[in-house]
Amino acid sequence: MKISTITVPSPLSLWTTLCSFGTFNIACSFAALWAFLKVSRALRWRLKTTQLRGPPRTSFIYGVSHDLASSQDSAGMYERWATEYGVAYMIPSVLGQTRIVLCDPRAIAHFYARETWTYVQTPFSLALLEASVGRGLLWSQGEAHRRQRKALTPAFSNAAIRKLASVFYDSAYKAKGAWDTAIESSKDGDAVIEVQNWINHISLDTIGIAGFSHDFGSLDGKRASVTEVFDAFGNNRQASVVNRAFFLLASVFPIIARIPNKRTKLFKKLGVTLGEISNDLLIRSRREKNANISGRDEEKSIIGLLLKSEGHDAELHMSEEEVVAQMKVLLLAGYETTSISLTWALIELSRHPNVQTCLREELLAFGADPTYDQLKASLPYLDAVIHEILRLHPPVREFTRLAAADDVIPLSEPVRTVSGETTDSISIAKGTLITIPGAAINRSSAIWGPDAKEFKPDRWLNEDGISGKAREVQGHRHLLTFVDGPRACLGKDFAITEFKTVLLVLVKNFVFEMRDGPDSQVEIVRGIMARPRVIGEDGIGVPLRVRRYE
């Protein structure tokens, strides 16, 4: 009996055969395969995803993305579209992509509950995060994110933050001393102070001491490499049309982000600088641990927990790369987010002197500096002011995720599809881009009522101040500022406590006014995150007229 055999060609013979087709034919074959896959995915997406209404594209290349990126009020754009098209709608994006925008509390709660698993970072976000802060808590997803987050959680407990209150006060009083000196040297009894720069110094020194037992000394006038790279972002002029186009195209082709330009070079420099500082801090902390310099409490500090997680027998082990990445994330987040919120607080209090007076009266009536527990429970108007700032001016204004699997998202109210039908849920195909416009939700008139755009801390002082629709928003105090679900901000209580402490010290001791009067206009500029700037100023300038309260 004959046994037929199948001859398996060698790799060399396969290569020879391919070469006989010619380079052009091979390139055409790959192009055809790529096109087939793209068309197949597009057809599947169209069949599996509910086709919603939305605004028409204003650019063949960018859809409406360029309009959003260049707008001073992208939140207002999202809100107007929600009014016109419903609580869930589609917007045309870069190079034919489409994004689904969710402005519905029930839909957003469903989304957050599945983030890091069903909804994941986009390839462009991952590339940018890896370049700047490494594979830490912001970059990781799924099980890796759960493990990293669990390892750091004890450092942000109430007990841990209670011990840090003195650090927050120390930084605030250092700034107070410097401002006292500036006012004393003035003939007019006041001084024009560029507050955003000072608030940056407070935030940097605070996260250095509280997180890593290291004083950067920026409040004492020391210049550090980290300060210089942060300032470089702040002093970067408003994004040019070319730079904006560059980043929009990179959202479709992440490899473009590897092409050097001014902003990608800044992100790379940020990553290198934060890495150098983190490594230095880590080496010093290891040395102190080995010499038994650190106390027992240090084991539950941020740096203590990171050192503990390095051990191979640690329950929640992290590699050295992951440990350094966490340090970079915490330095960046501790610096950027709190300083932005504090700057906005001083701007709004300068614009609303009656609110500033009410806040000062509460603080002075309380007397001595409150403890951590008193900060949380005994100063209702301070709490109202900071939450109104967090509502109106969230540091992260929106974010986009990619559906890693098919899903069905429920809605609290029906929307109309392109075909004219109404639906109370939307089908999402794998590969769909989902955008949550947090700033738009926080100040939506449909959710927060007709006074949603106003700075009105009193809304937080009684139960009727927050409308029924706003109560449906799941998140800290019905806000999306700290997001929600598995990726909710781990440092939320740390940030709020620092925010309250610093604002308390400054408002008790100083009176703030806009330098050029209450009608001074403020614009949004790009730092690492969106920052306020008084129109006409350089960099991130926010000059306020400051005098002692007497």
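Undergrad: Even after reading the chapter, I still don't get the overall build of the protein chain, so can you show me in this structure?
TA: The helix and strand inventory of the protein chain stands at 22 helices and 12 strands. Taking contacts inside the protein chain between residues at least 6 apart in sequence as the whole, the part at least 24 apart equals 73%.

Undergrad: Can you help me understand the nonpolar core in this one?
TA: A general trend in soluble globular proteins is that nonpolar side chains are found buried together. Of all hydrophobic cores here, the largest spans 97 residues; its most connected members are Leu 102 and Leu 503. Leu 204, Ala 210, Ile 277 and Leu 282 belong to the second largest nonpolar core, which has 54 residues in total.

Undergrad: Even after reading the chapter, I still don't get the pattern of salt bridges, so can you show me in this structure?
TA: Once their charged atoms are close, side chains differing in charge can pair, the charge on each being opposite to the other. Per the counting criterion, the structure on display carries 29 salt bridges. Ionic pairing is found between Glu 143 and Arg 146, a salt bridge with its closest N-O pair at 2.7 Å. Taken together, the residues span about one helical turn, with Glu 143 and Arg 146 both in helix 7 (residues 142–152) at a distance of 3 residues. Using a relative accessible area of 43% as the deciding quantity, one classes Glu 143 as partly exposed. Residue Lys 469 is joined to Glu 472 by a salt bridge in which the shortest nitrogen-to-oxygen separation is 3.9 Å. A relative accessible area of 22% places Lys 469 in the partly exposed class. Through salt bridges with shared partners, one network takes in Glu 388, Arg 391, Asp 451, Lys 456 and Arg 459.

Undergrad: Just checking my understanding: could you explain the sheet that holds strand 5 (residues 399–403) for this structure?
TA: In any sheet, the strands associate via hydrogen bonds between backbone groups, in a parallel or an antiparallel arrangement. Spatial strand order, 1-2-8-5-3: 5 strands in an open sheet with mixed pairing. In this open sheet, the two strands that pair with only one neighbour each are strand 1 (88–92) and strand 3 (119–121). Along the sheet, successive strands turn relative to each other by an average axial angle of 40 degrees, direction set aside. Pairing between strand 2 (residues 98–102) and strand 8 (residues 433–436): 3 bridges, direction parallel.

Undergrad: Sorry, what's going on with helix 22 (residues 492–509) here?
TA: Quick reminder: α-helices carry 3.6 residues per turn. Residues three or four places apart thus point the same way. Relative to the 26 Å expected for 18 residues at 1.5 Å per residue, helix 22 spans 26 Å between its end C-alpha atoms, a close match to the ideal helical length. By the criterion of burial, helix 22 is predominantly enclosed, with 15 of the 18 residues buried.

Undergrad: Whenever I open this one, unusual backbone geometry confuses me. Can you help?
TA: Glycine aside, residues mostly have negative phi, and peptide bonds are mostly found in the trans state. Not every positive phi belongs to a glycine, and His 478 is a case in point at roughly 65 degrees. You can see His 478 is positioned in the loop between helix 21 (468–471) and helix 22. We note that Val 483 has phi near 50 degrees; this positive angle belongs to a residue other than glycine.

Undergrad: How do you make sense of the pairing of strand 6 (residues 407–416) when you look at a structure like this?
TA: On any regular strand, side chains alternate: one points to one face of the sheet, the next to the other face. Both strand 6 and strand 7 (residues 422–428) contribute to a ladder of 6 bridges, which runs antiparallel. When the sheet's bridge partners are listed, Ile 409 is paired in strand 7 with Ile 426. Counting the residues between successive antiparallel strands, the hairpin from strand 6 to strand 7 contains 5 residues, one of them, Gly 420, with a positive phi of roughly 95 degrees.

Undergrad: Mind showing me how you'd approach the side chain of Ser 218 here?
TA: One can find Ser 218 in the loop between helix 10 (195–212) and helix 11 (225–235). Owing to a relative accessible area of 4%, Ser 218 belongs among the buried residues under this scheme. At 2.8 Å, the side chain of Ser 218 forms a polar contact with the side chain of Asp 205.

Undergrad: Whenever I open this one, the side chain of Glu 523 confuses me. Can you help?
TA: Its place among the elements puts Glu 523 in strand 10 (residues 522–526). Classification of Glu 523 by relative accessible area gives buried; the value is 16%. Not counting chain neighbours up to four residues away, the residues in contact with Glu 523 comprise Gln 72, Arg 531, Pro 532, Arg 533 and Ile 535.

Undergrad: Just checking my understanding: could you explain the packing of aromatic side chains for this structure?
TA: Each aromatic ring pair is described using two quantities: the centre-to-centre distance and the angle formed by the ring planes. Taken as a whole and judged by the stated rule, the model has 14 aromatic pairs. Taking 5.7 Å as the distance between ring centres and 65 degrees as the angle between the ring planes, the aromatic pair formed by Phe 111 and Tyr 112 counts as edge-to-face. For Phe 111, a relative accessible area of 0% puts it in the buried group. Relative accessible area serves as the criterion here: at 1%, Tyr 112 is assigned to the buried category. Considering the side-chain rings of Phe 510 and Phe 512, the 6.4 Å spacing of their centres and the 65 degrees angle between planes classify their relative orientation as edge-to-face. Three or more aromatic residues joined by ring pairs form one cluster here, namely Phe 111, Tyr 112, Tyr 119 and Phe 399. One Lys or Arg, Arg 391, reaches over the ring of Trp 448 and ends 5.4 Å from the middle of that ring.

Reading guide: rules and limits
Residues numbered from 1 in each chain as written. Predicted model: local features only at pLDDT ≥ 70, side-chain atom pairs only at ≥ 80, totals over all residues. Heavy atoms only, no water. Helix = DSSP H or I, 4+ residues; strand = E, 2+ residues; numbered from the N terminus. Contact = heavy atoms within 4.5 Å. Core = buried A, V, L, I, M, F, W, Y, C linked by side-chain atoms within 4.5 Å. Buried < 20%, exposed > 50% of the residue type's maximum accessible area, 1.4 Å probe, protein only. Salt bridge = Lys/Arg side-chain N within 4 Å of Asp/Glu carboxyl O. Pairing = 2+ DSSP bridges. Axes fitted to C-alpha atoms, helices over the stretch in contact; angles between N-to-C directions. Expected span 1.5 Å × (residues − 1). Polar contact = N/O pair within 3.5 Å; in protein donor to acceptor, adjacent residues only side chain to side chain. Phe/Tyr/Trp six-rings, centres within 6.5 Å; stacked < 30°, edge-to-face > 60°. Lys NZ or Arg CZ within 6 Å of the ring centre and 35° of its normal.

Keep in mind these values describe shape, not function.
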